[in-house]
Amino acid sequence: MAVDLVEGKLFADGKFRDADNVEPVIEAATEKVLGLGASATRADIDDAVAAARRALPDWRSTPAADRAKALFTLADALEALALHTSELCSRETGAPITYSRQANGFLPAVIFRYYAGLIDTFDIEEFRPSLVGHTLVRREPIGVVGAIVPWNVPQLLAAMKLAPALAAGCTVVLKPAPETALDALAIAEAAEEAGLPPGVLNVIPGGRETGAYLVGHRDIDKVAFTGSTDTGRLIGQTCGQLVRPITLELGGKSAAIILDDAQLGPTIQGLRSVSFGNNGQLCYAGTRILAPRSRYGEFVDALTEMADDLVVGNPLDENVDIGPLVSSRQRERVLNYIEIGKAEGARIVTGGGVPADCRRGWYVAPTVFADVPNSARIARDEIFGPVLTVIPYESDREAIDIANDSEFGLAGSVWSSDEARATQLARAVHTGTIGINMYQPDLGAPFGGIKASGFGRELGPEGLAAYQTTKSIFHAAGAAAAR
Ligand code: NAD
């Protein structure tokens, strides 16, 4: 497989080509240059968007069954690359390989297959009778999509946009983050192998300027963005001016609500992945742990023990739970929040800095703060690292109020030995998604946030609808047929 050979390249109009601008991609664990990533210029973006525009008429009118076939083939090609791609992602981002292999390796192919299957059987026209006649409601592809993704789970997040967009009949210009400019080209390789027509999928890595230019490009019909709330606000401003449809999948500060009847062992075991998964660099990470006052000490002790048990080290080692953060900038940000937490008077029960034996790589020790009021910055801001805050509460009502007292509303979880009770409580939490005794996005169900976590949904049939627009063709009752 040739991912290494596409170093410094872009993919536009069905061809790989050398980028004029390149930036080093740094390996998170070694701080060494892993390779040179393309950094697309305005001319590159213009080319890619023009190619996507040219490809649109044919792709949108390709029978859905043929688009589905191409996407099934693309899924097979991605799967064949999965071990290599997921290792590359781990080296770029520090994601533990056991996590990356699923999220960046095999899951993207599953998502492509899901949307290929969905479009294959999807009725794009619906007959709706009414008192005045009937309307034919058509779901048409929205057009050329500019898709922008962050570095944290690059292959999965790209697939969550590309699969439904391509299935719907849209063409796409994908802008991956500069930190993950290398693995992104694996998707282009898979597209080439699947025989996608030139221009249907274009991959142009780059940074902030590349992204901003793509968002405001005159020839884009929709922007699909995943990233921070700050960037989402900027993109929202541009798209508001242009009256351009947009999906915003932004940050989070999800509450994990432990009820007083929760079983200690399974709850702590579940929180291992829900709170510390991908080194805490997950938008839906449950980093605000709400523990009942009556069992507060018990849960703080168990969380501390769990955090201490996590193996920190080389992300390519299968036994490692926590790898390095993606960049020195990200580590500075997380360490700065740890200092803020200390200054706010929260009690560090474990972690709180760089592990002594990790002299290279951007590591932060799994950290747990106890006795944190929900008003503290470490309980309010998204830290995006392996740092948990444990907040005490007195009653179920107070737990709901604390969970809802957040700028964000992306995900959450409720832990209890009584599923009905937990589900009832989950209904009252203001969030786009929430789990009972575990959390993870479910591929068949809508995923996305409310409040500052954004709007629009990915995954499930709703994820396909995000790339379709409706057209209503009205027929009056008794009207003469057109001659
Ligand atoms: P970021 O907003 O800095 O960057 C995300 C992407 O946007 C990158 O590709 C970046 O190059 C690009 N970008 C930056 N500035 C831009 C601009 N002005 N115009 C257009 N594009 C621009 O985010 P990050 O720090 O790289 O990623 C982490 C964030 O992503 C966290 O806040 C996390 O919660 C969020 N995230 C959300 C979800 C979700 O589904 N809700 C999933 C994963 C990550």
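Residues numbered from 1 in each chain as written. Predicted model: local features only at pLDDT ≥ 70, side-chain atom pairs only at ≥ 80, totals over all residues. Heavy atoms only, no water.

A. Quick look at the overall build of the chain. Of regular secondary structure, the chain possesses 14 helices and 22 strands. Since a compact globule built from 483 residues should have a radius of gyration of about 23 Å, the 23 Å found for the chain is in line with a globular shape. Over its C-alpha atoms, taken along the principal directions, the chain stretches across nearly 80 × 60 × 40 Å. Taken across its 483 residues, the chain has 57% of its residues classed as buried. Intrachain contacts of the chain at a sequence separation of at least 6 include 73% that bridge at least 24 residues. Looking at the chain as shown, the accessible area adds up to about 19200 Å², and 51% of this sits on carbon and sulfur atoms. Taking the average location of the 44 positive side-chain charges in the chain and that of its 60 negative ones, the two points are 6 Å from each other. (Helix = DSSP H or I, 4+ residues; strand = E, 2+ residues; numbered from the N terminus. Rg over C-alpha atoms; globule rule 2.2 N^0.38 Å. Buried < 20%, exposed > 50% of the residue type's maximum accessible area, 1.4 Å probe, protein only. Contact = heavy atoms within 4.5 Å. Areas by Shrake-Rupley, 256 points an atom, 1.4 Å probe, with all protein chains shown as cover. Lys, Arg positive; Asp, Glu negative; His and termini not counted. Charge placed at Lys NZ, Arg CZ, Asp CG, Glu CD.)

B. Main features of the layout of surface pockets. Taken as a whole, the second largest pocket spans an internal volume of roughly 320 Å³. If you go around the second largest pocket, you meet 16 residues; those closest to its centre are Glu23, Pro24, Val25, Pro178 and Glu179. Mapped onto the lining of the second largest pocket, the elements with two or more residues apiece are β3 (22-26) and α6 (208-215). The biggest single contributor to the lining of the second largest pocket is β3, with four residues. When the residues that make up the lining of the second largest pocket are grouped by side-chain class, the tally is six nonpolar, five polar and five charged. Here the lining of the second largest pocket spans two domains, and each of domain 1 (9-250 + 453-472) and domain 2 (255-436) adds at least three residues to it. (1 Å grid on protein atoms, 1.4 Å probe; cavity = no way out; pocket = protein on both sides within 12 Å on 5 of 7 lines; lining within 4 Å. Points joined across faces, edges and corners; volume = space filled by probe spheres on them. Nonpolar A, V, L, I, M, F, W, Y, C, P; charged D, E, K, R; others polar. Domains from an automatic or database assignment.)

C. Inspection of the pairing of strand β18 (residues 412-415) at higher detail. Because side chains alternate across β18, one face comprises the buried residues Gly412 and Val414, and the other comprises Ser413 and Trp415, equally buried. Pairing of β18 with strand β19 (residues 435-436), which is carried by two bridges, proceeds in the parallel orientation. Bridge pairing in β19 links Val414 to Ile436. Since β18 and β19 lie parallel, the crossover through helix α13 (residues 419-427) that links them has a hand, and here it is right-handed. (Pairing = 2+ DSSP bridges. Right-handed = clockwise from strand over helix to strand, strands pointing away.)

D. Summary view of the UniProt feature "active site" (unreviewed entry) in the chain. The feature "active site" (unreviewed entry), as given by UniProt, occupies Glu249 in the numbering adopted here. With respect to the secondary-structure elements, Glu249 resides in strand β11 (residues 246-249). Residue classification places Glu249 among the buried positions, given a relative accessible area of 4%. Not counting the four nearest positions on each side in its chain, Glu249 is found in contact with Phe225, Thr226, Gly227, Phe447, Gly448, Gly449, Ser453, Gly456, Arg457 and Glu458. (UniProt positions renumbered as here; feature names shortened; annotations may be inferred.)

E. Seen up close, the site of the ligand. The ligand sits among 28 residues. The nearest are Val149, Ser228, Thr231, Leu250 and Glu382. Lys175 has a polar side-chain atom sitting 2.9 Å from an oxygen atom of the ligand. In this structure, Thr231 approaches the ligand through a side-chain N or O atom, which is 2.7 Å from an oxygen atom. Protein chains bury 92% of the 850 Å² of accessible surface belonging to the ligand in isolation. Among the elements that line the shell around the ligand, the one with the most residues is α6, at three residues. Here the residues of the shell around the ligand are counted per class, giving 15 nonpolar, nine polar and four charged. When residues of the shell around the ligand are assigned to domains, at least three map to each of domain 1 (9-250 + 453-472) and domain 2 (255-436). (Near = heavy atom within 4 Å. Polar contact = N/O pair within 3.5 Å; in protein donor to acceptor, adjacent residues only side chain to side chain.)

F. Quick look at the sheet that holds strand β13 (residues 286-292). The seven strands lie next to each other as β14-β15-β16-β13-β12-β18-β19, forming an open sheet whose pairing is mixed. Sheet topology places β14 (347-350) and β19 at the edges, where each strand pairs with a single neighbour. Bridging between strand β12 (residues 254-258) and β18 involves four bridges; their strand directions are parallel. When the bridges of β18 are listed, Ile258 appears paired with Trp415.

G. Spotlight on the packing of aromatic side chains. Tallying each qualifying case throughout the model produces four aromatic pairs. For the ring pair Phe11 and Phe16, a centre distance of 4.8 Å and an interplane angle of 50° mean the geometry is tilted. A relative accessible area of 3% means that Phe11 is categorised as buried. For Phe16, a relative accessible area of 21% puts it in the partly exposed group. The residue whose ring lies beneath Lys222 is Tyr467, and the NZ or CZ to ring-centre distance is 5.0 Å. (Phe/Tyr/Trp six-rings, centres within 6.5 Å; stacked < 30°, edge-to-face > 60°. Lys NZ or Arg CZ within 6 Å of the ring centre and 35° of its normal.)

H. Structural context of the pattern of salt bridges. Scanning the entire structure with this criterion turns up 29 salt bridges. A salt bridge links Arg17 to Asp44; its shortest N-O distance comes to 3.0 Å. On the criterion of sequence distance, the pair formed by Arg17 in strand β2 (residues 15-18) and Asp44 in helix α1 (residues 42-61) is long-range, its members being 27 residues apart. Taking the relative accessible area as the measure of exposure, Arg17 reaches 29% and is therefore partly exposed. Residue classification places Asp44 among the buried positions, given a relative accessible area of 5%. The partner of Glu298 in a salt bridge is Arg295, with the nearest N and O atoms 3.0 Å apart. One network of salt bridges, in which partners are shared, links Arg60, Glu125, Arg138, Glu140 and Lys471. (Salt bridge = Lys/Arg side-chain N within 4 Å of Asp/Glu carboxyl O.)

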